[in-house]
Amino acid sequence: MQNTATPTHCPYCALQCGMNLTPAADGTVEVTERADFPVNRGALCGKGRTAPAVLSSRVRLTSPLVRSGDGTLVPATWDEALDRIARHLARTREEHGADALGVFGGGGLTNEKAYALGKFARVVLGTSQIDYNGRFCMSSAAAAGTKAFGLDRGLPFPLEDIPRTGCVILVGSNLAETMPPSLRFFSELKENGGTLIVVDPRRTKTAEQADLHLAPRPGTDLALALGLLHLVVAGGRVDESYVEERTAGWEEARAAAMAHWPEQVERITGVSVPELREAVRLFCEPEHAMVLTARGPEQQAKGTDTVGAWINLCLATGRAGRPLSGYGCLTGQGNGQGGREHGQKADQLPGYRKLTDPAARRHVAEVWGVDPDSLPGPGRSAYELLDALGTDIRSLLLMGSNPVVSAPRAAHVEQRLRSLDFLAVCDVVLSETAALADVVLPVTQWAEETGTTTSLEGRVLLRRRAITPPDGVRSDLEVLHELAARLGVEKGFPTEAEEVFEELRRASAGGLADYSGITYRRLAQENGVFWPCPAREEAGEAEHPGTARLFLDRFATEDGRARFVPVSHRPSAEEPDDEYPVLLTTGRVVAQYQSGAQTRRVDELNAAAPGPFVELHPRLAARLGAAEGDPVAVVSRRGRAVAPARITTGIRPDTVFMPFHWPGEGRANTLTNPALDPTSRMPEFKVCAVRVEAVTR
Ligand code: SF4
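Definitions and cut-offs
- Per chain, the residues get numbers from 1 upward, laid out in the order the sequence is written.
- Residue-level local features of this predicted model are given only where pLDDT is at least 70; pairs of side-chain atoms are given and counted only at 80 or more, and the full residue set underlies all totals for whole chains, interfaces and linings.
- Calculated side-chain values reflect all of the structure's heavy atoms, with hydrogen atoms and water omitted.
- Throughout this description, the term nonpolar core refers to a set of buried Ala, Val, Leu, Ile, Met, Phe, Trp, Tyr and Cys residues connected via side-chain atoms within 4.5 Å.
- Only protein chains enter the accessibility calculation, which uses a 1.4 Å probe; a residue is then buried when its area is under 20% of its type maximum, exposed when over 50%, and partly exposed in between.
- Numbering of helices and strands runs from the N terminus, with a helix taken as a DSSP run of H or I at least four residues long and a strand as a DSSP run of E at least two residues long.
- The domain limits used here are those given by an automatic or database domain assignment.
- Note on contacts: a residue pair qualifies if any of its non-hydrogen atoms lie within 4.5 Å across the two residues.
- Here, strands pair whenever DSSP counts at least two bridges between them.
- The axes used here are C-alpha line fits, helices contributing only the stretch in contact, and every angle between their N-to-C directions lies in the interval 0 to 180 degrees.
- For classification, angles of less than 35 degrees are called roughly parallel, those exceeding 145 degrees roughly antiparallel, those between 65 and 115 degrees roughly perpendicular, and all remaining angles oblique.
- The hand of a helix crossing depends on one turn: near helix anticlockwise from the far one by less than a right angle means left-handed, and clockwise means right-handed.
- Any residue outside Ala, Val, Leu, Ile, Met, Phe, Trp, Tyr, Cys, Pro, Asp, Glu, Lys and Arg is labelled polar, Gly included; the first ten of those are nonpolar and the last four are charged.
- Definition of nearness: a residue and a molecule or strand are near each other if at least one heavy atom of the residue lies within 4 Å of the molecule or strand.
- Salt bridges are identified by distance alone: a Lys or Arg side-chain nitrogen within 4 Å of an Asp or Glu carboxyl oxygen.
- Two N or O atoms form a polar contact when they lie within 3.5 Å of each other; inside protein one atom must be a possible hydrogen donor and the other a possible acceptor, and for residues adjacent in sequence the pair counts only when both atoms belong to side chains.
- Planes of paired rings set the category: under 30 degrees apart is stacked, over 60 is edge-to-face and the rest tilted, where pairs are Phe, Tyr or Trp rings (Trp by its six-membered ring) whose centres lie within 6.5 Å.

## Considerations on the nonpolar core
Soluble globular proteins: nonpolar side chains tend toward being buried together.
Okay, step 1: By size, the foremost hydrophobic cluster in this structure holds 117 residues, and its most contacted members are Phe120, Phe149, Ile169, Trp250, Trp310, Tyr327 and Leu441.
Okay, step 2: Here this core gets nine residues from one element, more than from any other, and that element is helix α7 (residues 221-234).
Okay, step 3: Per-domain counts for this core show at least three residues from each of domain 2 (65-136 + 335-447 + 471-513) and domain 3 (139-329).
Okay, step 4: Among all residues touching Trp250, those that are not within four sequence positions of it are Leu229, Val233, Val238, Val243, Ala316 and Phe564.

So this is what it looks like as structure tokens:
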């Protein structure tokens, strides 16, 4: 490997910031600015700057591990480990049927890995039981976007449009901590005279940047959106000609909104009527405006309806499918978007095709060289799959996820994982989940392999191999190739990412997420290509440029019109009562990422964010007699977590907040509620009822 800079992208969040990587003679890797990538223009957050620390073998697994007779994990050869996995998977299938095999993927896997994993589950194992942790990330927005627009792509426009719009309502997103380089777009919006409204129960660092901060009670932003739409109608601010020409279903949605009086919305949300009126004024006065949602509205048992309510607001005011206006979802995980486009999700085939669509099954089966009837149907969603471990599902292959920390009701999920007959985990470190496995396979990571990801903008990017992986590790693609061969499928699982991508192009051709016009050659020359991008070479035409902006002419529905979906407020799955009188909401901090499996191994990040905490209002702290830093216990119907108090007036007195990056005593997901949205099957991470207690030590 040469000591020259390789342009690539960060391994963590969906912003997929561009960076250069240069290997040094002492084995370290230097991250330098890559100013040519328009999304971050060289800026990186601390996670991106320190990402190479996880490449060091000091924190890595560099040998397969197998569970020995005395119950400990001991090093083994690759052949021993792979043979053991193949033997157990085959035995489970023989004894209990193919659906007793589960596959659980991750939103950080490249498109090629996600594609190969979906194909492996359906073709090699023959199981329907595959899903991924991206289900926890943005599936409610995906479901709402599909209902309204006929297509879900995180953002239907590039981030560079944000500074030129007139107003952005940012709902349940703390970008200042989750994607700091993206804040630049909002600063430029304000410099250009635009306004930023932030909807968040906490006065986060992002909310501090806002012109208007609305702080609804957790779980009530559906009512908030309905109240805003009510005022839009009452104030004569509906864009009647747009509604007439480009939408359907307005009357039902209008009636649902008119049933939510502003005063009633104030009682439900805690946001005052004057604040609601001001939000409507700021949103409606400029020519262009946007609504962007993130995990806040999405991770609720009514997440699909909540996002639908915000989309209705956009449609009624003519702010969708027009230049510099629209609704978008800020995807969280690095490849949360691409992961589900290409078959890792329980109900989807590559190209965003539906597993229940006979034509889609025929197309993909032909690319895979199998009988369409041999493809299983849709399986369980992520939490339901985890909940079935040890009962219906006896053996699990898990790739790039750490549900012991990141799943809701985590103590129960941990117990389900322990009850499996067999667990195999592919990871780069011994995560809390890998530590429970019967076999652990050490795999390559971002800078050591080539592959593509799809960012929150729908921009397909090439992550290039920049360094040689340590001895003893293999890529996930090699793992699937070897396991497929051991299970009798010799062909169809190449180990080179570009070869997998070439097949993915064919499998996605004609689908909603059409990647057939995207090639590694183009990705190496261009700063990403937006899907859909159909192939045109055969027709002798110029290459399709990709689709940076969706819906400008028509929406992706059969008649080209967007659909209003009538929605009404309903309470959260768990409301406070005498026993659990406080609401818990969870989220992230800037120096850690998701379950922390990687970032908790980086000294600099641990120094900045060493452990969990409970953020609470001074009034609640005074009631408990807790001072800053004192341990406090948060108790829900699912368990108890203890962490130091962090006292701030930036949170509502009826709410506490915990970040979810840590295992052990302070694990926030011990507490969270797995109540699922009926459409997206996304768990209600963002709100549950708890009590808070002082801890004497
Ligand atoms: Fe990486 Fe996201 Fe930080 Fe950018 S914002 S450097 S993509 S973690």
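Back to the write-up after that little detour.
## Re the sheet that holds strand β2 (residues 18-23)
Okay, step 1: Spatially, the three strands line up as an open sheet ordered β1-β2-β3, and their pairing is antiparallel. In the strand order of this sheet, the two ends are held by β1 (6-9) and β3 (29-32), each with one partner. Each strand of the sheet is rotated relative to its neighbour by a mean of 40°, with strand direction disregarded.
Okay, step 2: Pairing between β1 and β2: four bridges, direction antiparallel. Each bridged residue has a counterpart across the sheet, and for Pro7 the counterpart in β2 is Asn20.

## Quick notes on the environment of Gly194
Okay, step 1: Relative to the helices and strands, Gly194 is located in the loop between α6 (183-191) and β9 (195-199).
Okay, step 2: We classify Gly194 as buried; its relative accessible area is 7%.
Okay, step 3: In sequence terms Gly194 and Gly166 are 28 residues apart; their C-alpha atoms lie 4.5 Å from each other.
Okay, step 4: Non-local contacts of Gly194, meaning those with residues more than four positions away in its chain, are made with Gly166, Leu189 and Asp211.

## Brief notes about the packing of helix α4 (residues 135-149) against helix α13 (residues 303-316)
Okay, step 1: Orientation of α4 relative to α13, taken along the N-to-C sense of each, is 45°, at an axis distance of 8 Å. The angle between α4 and α13 places the two elements in the oblique class. You can see that α4 and α13 cross each other, and the crossing is right-handed. Counting all contacts with α4, which are made through Ser140, Ala141, Ala143, Ala144, Gly145, Lys147, Ala148 and Phe149, the residues of α13 involved are Gly303, Thr304, Val307, Gly308, Ile311 and Leu315.
Okay, step 2: Residues that form the contact of α4 with α13 fall into these classes: eight nonpolar, five polar and one charged.

## Remarks on the site of the ligand
Okay, step 1: The full set of residues close to the ligand is Cys10, Tyr12, Cys13, Leu15, Gln16, Cys17, Leu44, Cys45, Lys47, Gly48, Met179 and Pro181.
Okay, step 2: Its residues assigned to classes, the shell around the ligand shows nine nonpolar, two polar and one charged.

## What to know about the pattern of salt bridges
Okay, step 1: Counting across every chain of the model gives 44 salt bridges.
Okay, step 2: Across the salt bridge formed by Asp161 and Arg549, the nearest N and O atoms sit 2.8 Å from each other. Placement of the pair is Asp161 in the loop between α4 and β8 (167-171) and Arg549 in the loop between β21 (529-530) and β22 (562-563), with a sequence separation of 388 residues.
Okay, step 3: You can call Asp161 buried: its relative accessible area is 1%.
Okay, step 4: Of the charged contacts in the structure, one is a salt bridge between Glu414 and Arg418, with a shortest N-O distance of 2.9 Å. Here the residue Glu414 and the residue Arg418 both occupy positions in helix α18 (residues 410-418), the gap between them amounting to four residues, near one helical turn.

## So, the domain arrangement of the protein
Okay, step 1: One can read the domain layout of the protein as domain 1 (6-55), domain 2 (65-136 + 335-447 + 471-513), domain 3 (139-329) and domain 4 (582-694).
Okay, step 2: Where domain 2 packs against domain 3, one counts one salt bridge.
Okay, step 3: The interface formed by domain 2 and domain 3 holds five residue pairs in polar contact (both at pLDDT 80 or more) in total.
Okay, step 4: Every element with two or more residues in the side of domain 2 that touches domain 3 is listed here: α4 and α14 (336-341).
Okay, step 5: Looking at side-chain class alone, the side of domain 2 that touches domain 3 contains three nonpolar, two polar and two charged residues.

## Looking at the packing of aromatic side chains
Centre-to-centre distance and the angle between the planes together describe a pair of aromatic rings.
Okay, step 1: Evaluated as defined, the whole model comprises 12 aromatic pairs.
Okay, step 2: Note on Phe120 and Phe493: the rings are 6.1 Å apart at their centroids and 85° apart in plane angle, and the pair reads as edge-to-face. Of this pair, Phe120 sits in helix α3 (residues 111-125) while Phe493 is found in the loop between α19 (476-486) and α20 (497-508), placing the two residues 373 residues apart along the sequence.
Okay, step 3: Given the relative accessible area of 5%, Phe493 is considered buried.
Okay, step 4: Arranged with centres 4.9 Å apart and planes meeting at 45°, the rings of Trp250 and Phe564 form a pair that is tilted. Placement of Trp250 in helix α9 (residues 250-258) and of Phe564 in the loop between β22 and β23 (582-587) is noted, with a sequence separation of 314 residues between them. One exposure class covers both Trp250 and Phe564, and it is buried.
Okay, step 5: Ring pairs connect the aromatic residues Phe149, Tyr327, Phe551 and Phe555, which therefore count as one cluster.

## What to know about the pairing of β8
Okay, step 1: Burial analysis of β8 places five of its five residues in the buried class, which makes it a mostly covered element.
Okay, step 2: The alternating pattern of β8 places Cys167, Ile169 and Val171 on one face and Val168 and Leu170 on the opposite face, and all of these are buried.
Okay, step 3: When β8 meets β9, the two strands line up parallel, connected through five bridges. The partner of Cys167 across the bridge, within β9, is Thr195.

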